[in-house]
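Analysis of the macromolecular model
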Amino acid sequence: MKTQKMIENIQPPVAKIIPKVLEKFGDVRVDNYFWLKDRENPEVIEYLNKENEYYQKMTAHTQEFQKELFEEMKARIKEDDESVPYLYNGYYYITRFETGKDYPIYSRKRESLSAKEEIMLDCNELAKGKKYFKLSGLSISNDNKLATYAVDLVGRRIYTLEVKNLITGEILSDKIENTTGNSTWANDNQTIFYTTQDANTLRSDTVLKHKIGTDKSKDEVVYFEKDDTFDVAVGKEKSKKYILICSSSTLTTEFRTLLADTPNGRFKVFQKRKRGLEYSISHFEDHFYIVTNKDKATNFKLMKTPESKTSMDNWEDALAHREDVLLEDIDIFRNFLVVSERSNGLSRIRIMPWNGNSEYYLPFESETYTAHATSNVDFDTDILRYAYQSMATPASIIDFNMKTKEKEVKKEQEVLGGTFDKDNYVEERVWATAKDGTQVPISMVYKKGLKKDGKNPLLLYAYGSYGHSMDAYFSSTRLSLLDRGFVYAIAHIRGGEDLGRQWYEGGKLLKKKNTFKDFIDCSKYVIDQKYTSPKHLYAEGGSAGGLLMGVILNMAPKLYHGVIAQVPFVDVATTMLDETIPLTTGEYDEWGNPNVKRYYNYMKSYSPYDNVKSQAYPNMYISTGLHDSQVQYWEPAKWVAKLRTLKTNNTLLFLDTNMDAGHGGASGRFEAIKELAKEFSFLLDLEEIKK
């Protein structure tokens, strides 16, 4: 590279080696960097700071370019923007941003959009002087007078719950610390139910009841989840008749219900947990509707039961299971049932009148789109609000009249600057053949005029875990890559739920390696089809997608010129054996329980940290947050330290630690773009694209 001579004398930090012997089932692993786990050790902070200094020095020549990219991406964003108002309980609710400000303003207008605006919470004021700020869980009492909201000032998702009088503007004395941010109101406008978490593992395990104006020490525990593989949440369903407690693990759910008018009553189990039984519930008239996998309904089906008889021996089929269609969710309206489905990797919205009239699907043309029902909080309406976007089409919010079939685009995301035209870009969905013959879809977008000569830079992104479907979506920031000749592609690999529940089942536990092999086969496909070549192919993934990056780096490093791994989960075996780490025990159904030998052996066989070897690796940019509660900072830190000792070539290896943030990165909409500018400049510098 042009800048090589300028930076070759800058030496990376070397982490000291303190061997730690780890043994399981007679298998001995030696972890030389286990000591980096101690966040309180000044030497750990010193090492992370040295890695940050090294990254800054090595990329000093890109600093101006990063600023240009940041300004370019920021300039496409409408700064004084606001959400489409939605009507709920007599008020129109709006979230808006003001020019130059990082955080949202939550406001409302009574009965009419021409009414005077009432600002409920201005996060810019609340965030003043804070290095990190995140607001969550805004919930309004039935009489519209009080609001609960939760604030995280560190990034570890530990929230302080506050209560505000929306009439007087007063913040009440009811401050509750160390919550999950999750709360809901009973119908008496005086009682809130909220959840707290274990101090060490951060598992949401307790539901408490608080009466406004009383001391929090008197709050009553209404439910404690004993099983450490389950989390709990509390909320109110759409008809407002019931408060629900949901206990869930990866494979099993259990609900409890309480009439919202009787907050001092006792919660009743809806259907006792049964391993492998998943269900969610919605109330309508005198029935509950249940989306469930009961009776081996792998792709889920819809059942219903009288609200007085909720155990599953009373459940009856309302929509049968289909082998080729995944039932994802339902929305209940007074006159319509709306069903969200996924077929052949694409989302569909099905409209079903309760009166038995003809049902129909909303029509969508593209193969690289995503559409889903959005803020449909009003029960007594015939208007369905849904969102639509594709890889070349900015996101739209659409109101659809389910009776007349008329639609109104309420808002389309504006791309400022005057140069964007979606017709300048090509969208494609192609299918790569995996080694076992499985067809894996890839969604991609690029600028018109692309030549398939193997010379195009291509960024391939994937996640591939937890049954999380990675839909094709629009990004205005991504245009900074597309307009410089990049192809952007999403690999819909197994481990996600893109092609139904079996797609997820085929990429978890003892089939997890399908996730990694699928990505490698997708990489080979875009090379074979001459969209790109190993000299110009880049890979990116975050969190569990960062695990994916770690594995492909060990398995197929020659396929890639560069890899971006965001908050990567790379020390799988050690983390899954440590039950004190947040989220670990709840993950056994995803990765396996390493206290069982076959699962231990399997996860060790792919764990990126355990499988770093003496070989050439591509260029790498690895990011993390010191306060990350989901993937602890020490995983990428240890990984980088080990890579530095074993990799045999002089490619770039950067560890960039945000010392003020957690799993989601920096707070504030523009700080997030600065992080993106770092990633883009890393890619563009490797391609020697300077403008």
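Just above, that's the structure.
Now for a look at the structure at hand. From a predicted model like this one, the values you see are computed outputs, not experimental measurements. (Residues numbered from 1 in each chain as written. Predicted model: local features only at pLDDT ≥ 70, side-chain atom pairs only at ≥ 80, totals over all residues. Heavy atoms only, no water.)

**Looking at the overall build of the protein**
Our working definition: Helix numbering and strand numbering both begin at the N terminus, where a helix is a DSSP run of H or I of at least 4 residues and a strand a DSSP run of E of at least 2. The atom set for the radius of gyration is the C-alpha atoms, and the globule formula is 2.2 Å times the number of residues raised to the power 0.38. The contact definition used throughout considers only heavy atoms, calling two residues in contact when any of these lie within 4.5 Å. The accessible surface values rely on the Shrake-Rupley method and a 1.4 Å probe; as for residues, cover is taken only from the protein chains in view.
On a plain count of helices and strands, the protein comes out with 13 helices and 37 strands. Compactness check: the protein gives a C-alpha radius of gyration of 26 Å against a globular reference of 26 Å for 691 residues, within 12% of the reference. With the C-alpha coordinates of the protein rotated into their principal frame, the extents come out at 70 × 55 × 50 Å. Considering only contacts within the protein whose residues lie at least 6 apart along the sequence, 56% involve residues at least 24 apart. A total of about 29300 Å² of accessible surface is found on the protein, and carbon and sulfur atoms cover 48% of it.

**Some details on the side chain of Asp498**
We count it as follows: When accessible area is computed with a 1.4 Å probe and restricted to protein chains, residues below 20% of their type maximum are described as buried, those above 50% as exposed, and intermediate ones as partly exposed. Under the convention used here, Asp and Glu are negative, Lys and Arg are positive, and both His and the chain ends fall outside the count. We define a salt bridge as a side-chain nitrogen of Lys or Arg found within 4 Å of a carboxyl oxygen belonging to Asp or Glu. Nitrogen and oxygen atoms within 3.5 Å of one another constitute a polar contact, given that in protein one can donate a hydrogen and the other can accept it, and given that sequence-neighbouring residues count only through two side-chain atoms.
Mapped onto the secondary structure, Asp498 falls in the loop between β33 (487–491) and α6 (501–505). One buried charged residue, Asp498, remains without a salt bridge, the closest side chain of opposite sign being Arg342 at 5.1 Å. A polar contact is formed between the side chain of Asp498 and the backbone nitrogen of Met470, at a distance of 3.1 Å. In contact with Asp498, not counting residues within four places along its chain, are Arg342, Gly345, His468, Ser469, Met470, His492, Ile493 and Trp503.

**A closer look at the sheet that holds strand β23 (residues 336–343)**
Just so we agree on the cut-off: Two strands make a pair as long as DSSP finds a minimum of two bridges between them.
One open sheet holds the four strands; their spatial order is β22-β23-β24-β25, and the pairing between them is antiparallel. Since the sheet does not close on itself, it has two edges, and those belong to β22 (325–332) and β25 (360–361), each with one partner.

**Some remarks on the pattern of salt bridges**
Under the counting rule described, the total for this entry stands at 48 salt bridges. A salt bridge links Lys175 to Glu162, with the nearest nitrogen and oxygen atoms 3.9 Å apart. With Lys175 in the loop between β9 (159–165) and β10 (176–185) and Glu162 in strand β9, this pair connects stretches of sequence that are 13 residues apart. Assessed through its relative accessible area of 14%, Glu162 is described here as buried. Linking Glu278 and Arg501 is a salt bridge whose minimum nitrogen-to-oxygen distance equals 2.5 Å. Of this pair, Glu278 sits in the loop between β17 (268–269) and β18 (279–284) while Arg501 sits in helix α6, and the two are 223 residues apart along the sequence. The residues Glu278 and Arg501 share a single accessibility class, namely buried. Within this structure, Arg322, Glu341, Arg348, Arg350 and Glu359 form a network of salt bridges that share partners.

**A closer look at unusual backbone geometry**
Despite not being glycine, Asn89 shows a phi value in the positive range, around 55°. Relative to the helices and strands, Asn89 is located in the loop between β3 (86–88) and β4 (91–96). Although it is not a glycine, Ser543 adopts a positive phi angle of roughly 60°. Looking at the element boundaries, Ser543 is found in the loop between β34 (537–542) and α8 (544–555).

**Brief notes about α8**
Note on helix geometry: an α-helix contains 3.6 residues per turn, so any two residues three or four positions apart are oriented the same way. Cut-off, in case you're wondering: Helix span is expected to be 1.5 Å times the residue number reduced by one.
Taking 1.5 Å of rise per residue, the twelve residues of α8 would be expected to cover 16 Å, and the 17 Å separating its terminal C-alpha atoms lies within 8% of that figure. Buried residues dominate α8, accounting for eleven of its twelve residues. Taken together, the buried positions of α8 are Ala544, Gly545, Gly546, Leu547, Leu548, Met549, Gly550, Val551, Ile552, Leu553 and Asn554.

**Overview of helix α2 (residues 42–58)**
The criterion, for reference: The arc in question is traced by the directions running from the helix axis to the C-beta atoms.
The end-to-end C-alpha separation of α2 is 24 Å, in line with the 24 Å expected for 17 residues at 1.5 Å each. Where α2 is concerned, the buried positions are Val44, Tyr47, Leu48, Glu51, Asn52, Tyr54, Tyr55 and Met58. The arc enclosing the buried residues of α2, seen along the axis, measures out at 155°, which places them on a common side. For α2, the exposed residues lying more than 90 degrees away from the buried face are Pro42 and Lys57.

**Brief notes about the pairing of strand β16 (residues 253–259)**
Consecutive residues of a regular strand have side chains that alternate between opposite faces of the sheet. In terms of burial, β16 is largely enclosed, as six of its seven residues are buried. Bridge count for strand β15 (residues 242–248) against β16 is seven bridges, and the pairing is antiparallel. When the bridges of β16 are listed, Ser247 appears paired with Glu254. Turn length for the β15-β16 hairpin, with the two strands adjacent in sequence and antiparallel, is four residues. Of the pairings in the sheet, the one linking β16 to β17 comprises two bridges and is antiparallel in character.

**Details of the packing of helix α7 (residues 513–528) against α8**
In plain terms, the rule: Only the stretch in contact is used when fitting a helix axis, every axis being a line fitted to C-alpha atoms; angles between N-to-C directions are given from 0 to 180 degrees. Roughly parallel here means an angle under 35 degrees, roughly antiparallel means over 145, roughly perpendicular means 65 to 115, and every remaining angle is called oblique. Left-handed describes a crossing whose near helix is turned anticlockwise from the far helix by less than a right angle; the clockwise case is right-handed. Note that Gly is not counted as nonpolar here; it falls among the polar residues with everything else outside the nonpolar set of Ala, Val, Leu, Ile, Met, Phe, Trp, Tyr, Cys and Pro and the charged set of Asp, Glu, Lys and Arg.
The contact between α7 and α8 brings their axes to 10 Å, and the two run at 65°. Between α7 and α8, the crossing angle belongs to the class labelled roughly perpendicular. Both α7 and α8 take part in a crossing whose hand is right-handed. Of the residues in α8, those touching α7 at Thr515, Phe516, Lys517, Phe519 and Ile520 are Leu547, Leu548, Met549, Val551, Ile552 and Met555. Each residue belonging to the contact of α7 with α8 can be placed in one class, and the counts come to nine nonpolar, one polar and one charged.

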